[in-house]
Amino acid sequence: MRLTLITLLALFIATAVGIGATWMTTTRGTELGTLTIGAWTARPRTGTSDVDPYSRATITRNGELPIGTGDGVAFTAARDDLKKPLDGRCDVVVSGVTPAARFWTLTLYDRKGHLVANSLQRFGFTSEEIVRGADGAFEIRIASRSRAGNWLPTGGIERYQLMLRLYDTPVGVATRTQRDAPMPAIATVGCP
Amino acid sequence: MIRLVFTIIAGVLLGGIVHLVSVLLLPRIATEDAYSRLTPITKLNAVTQLAPADPTNALMPYMDPAFAVAICRYDLSGGAIKLKVPVSQAYTSVSFYTRNELAYYAINDRSAGKKVIELDLMTEAQHNDLPEDEDVTAADRLIIDSPTATGLIVMKALAAEPGLMPQAQASLAASSCSVQTEMPAKQAEAPQARR
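Parameters and conventions
- Residues numbered from 1 in each chain as written.
- Chains lettered and ligands numbered in written order.
- Predicted model: local features only at pLDDT ≥ 70, side-chain atom pairs only at ≥ 80, totals over all residues.
- Heavy atoms only, no water.
- Core = buried A, V, L, I, M, F, W, Y, C linked by side-chain atoms within 4.5 Å.
- Buried < 20%, exposed > 50% of the residue type's maximum accessible area, 1.4 Å probe, protein only.
- Helix = DSSP H or I, 4+ residues; strand = E, 2+ residues; numbered from the N terminus.
- Contact = heavy atoms within 4.5 Å.
- Disulfide = S-S within 2.5 Å.

Enquirer: Report on the nonpolar core, specifying residues and quantitative values.
Expert: Within the largest apolar cluster, 29 residues are counted, with the highest numbers of intra-cluster contacts made by Trp40, Phe75, Ile140, Ile142, Leu162 and Ile186 of chain A. Every element with two or more residues in this core is listed here: β1 (35-37), β2 (40-42), β3 (72-77), β4 (91-96), β5 (103-109), β7 (138-143) and β9 (161-167) of chain A. In this structure, Ile140 of chain A is in contact with Val92, Val93, Val94, Leu106, Phe125, Ile130, Asn150 and Leu152 of chain A, ignoring residues within four places of it in sequence. Of all hydrophobic cores here, the second largest spans 28 residues; its members include Tyr109 of chain A together with Ala66, Tyr91 and Val154 of chain B.

Enquirer: Explain the state of the cysteines residue by residue, including any values.
Expert: Two cysteines, two sulfur atoms, one covalent bond between them: this is a disulfide. For the structure shown, the criterion picks out 2 disulfides over all chains. With its sulfur 1.9 Å from that of its partner, Cys90 of chain A forms a disulfide with Cys191 of chain A. Across the S-S bond linking Cys90 of chain A and Cys191 of chain A, the dihedral sits near 95°, which makes this disulfide right-handed. Highlighted residues: Cys90 of chain A in the loop between β3 and β4 and Cys191 of chain A in the segment after β10 (185-190), separated in sequence by 101 residues. You can call Cys90 of chain A buried: its relative accessible area is 3%. Here Cys72 of chain B connects covalently by a disulfide to Cys177 of chain B, the sulfurs 1.9 Å from one another.

See the structure below:
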């Protein structure tokens, strides 16, 4: 009787620990093979055949199609440069320059990777449609209410994430530092 | 007491194994993966255009709304696939995924270097069966080996501005993906036809 109870307890702990750890790692992601520059994080290896098992599990579980290495690389940011979570009710400025790439797109998603509805039907910017300063630098204002210049609406959602995709770029598995890939700064400039 | 501690340690160790096994098995048992989501709305061995990504059709997460996307869901058991994608004005890319969404190859319009991206997709066995003909190994014929018999080809064309989306979709509409029937016979004829 006692042996049965103890075996059952051990098996119960094993299930809870095992499934719990799998759930945690596939929803939150792991640090394996990540490239972090400023507030931005990329996983260049997810677009190759030697993707780590955790990323593979996450990709299939969420139903994503990762961007292939011959195509480009995707950087995500869920926090600003001061590690404050991006808040859709605040004004956030993304400014500076981007790494060398033929095209890039910046897109706003909710926490699950879905686009956020807004009256303007604007979900992001491409490198072609952005208004730039004389020196080529740009400034995108992400806010719930309309702003002058490059305004990206948040729809007022509480938490969101940004994805910067570089297409046809030398940035990838070999990239290590800010010098190889100068990423734009993210700053929260005001909250109501 | 000792027995309880031992039970907990054994449980945690066993849990580690359960975790590793479940992570490794997840790609095989996931039912909501991209391939399964695309199966009902795409044709086999043919090009299907997807509706532009917007908040109301969240087919897959993290889709780039600036791109027109077309899918060719392939099955190589009936023979190799011939893929032709005309290059759009801005940027075109073709990515290959296995049945379990492993991105094993991707090419863009610049690396293709032509007005039409032309590829042959086949399994390794089919590649080995190809006759060792000079024409077959000619540099203008790009052959991709698929690690699995089934998978996805994702064709993307960039609409640099929202107004250019119809043009990007039109260029993808001209792409084709079809099974190459009687491959060796065709190759035998081809050199004669050119002369």
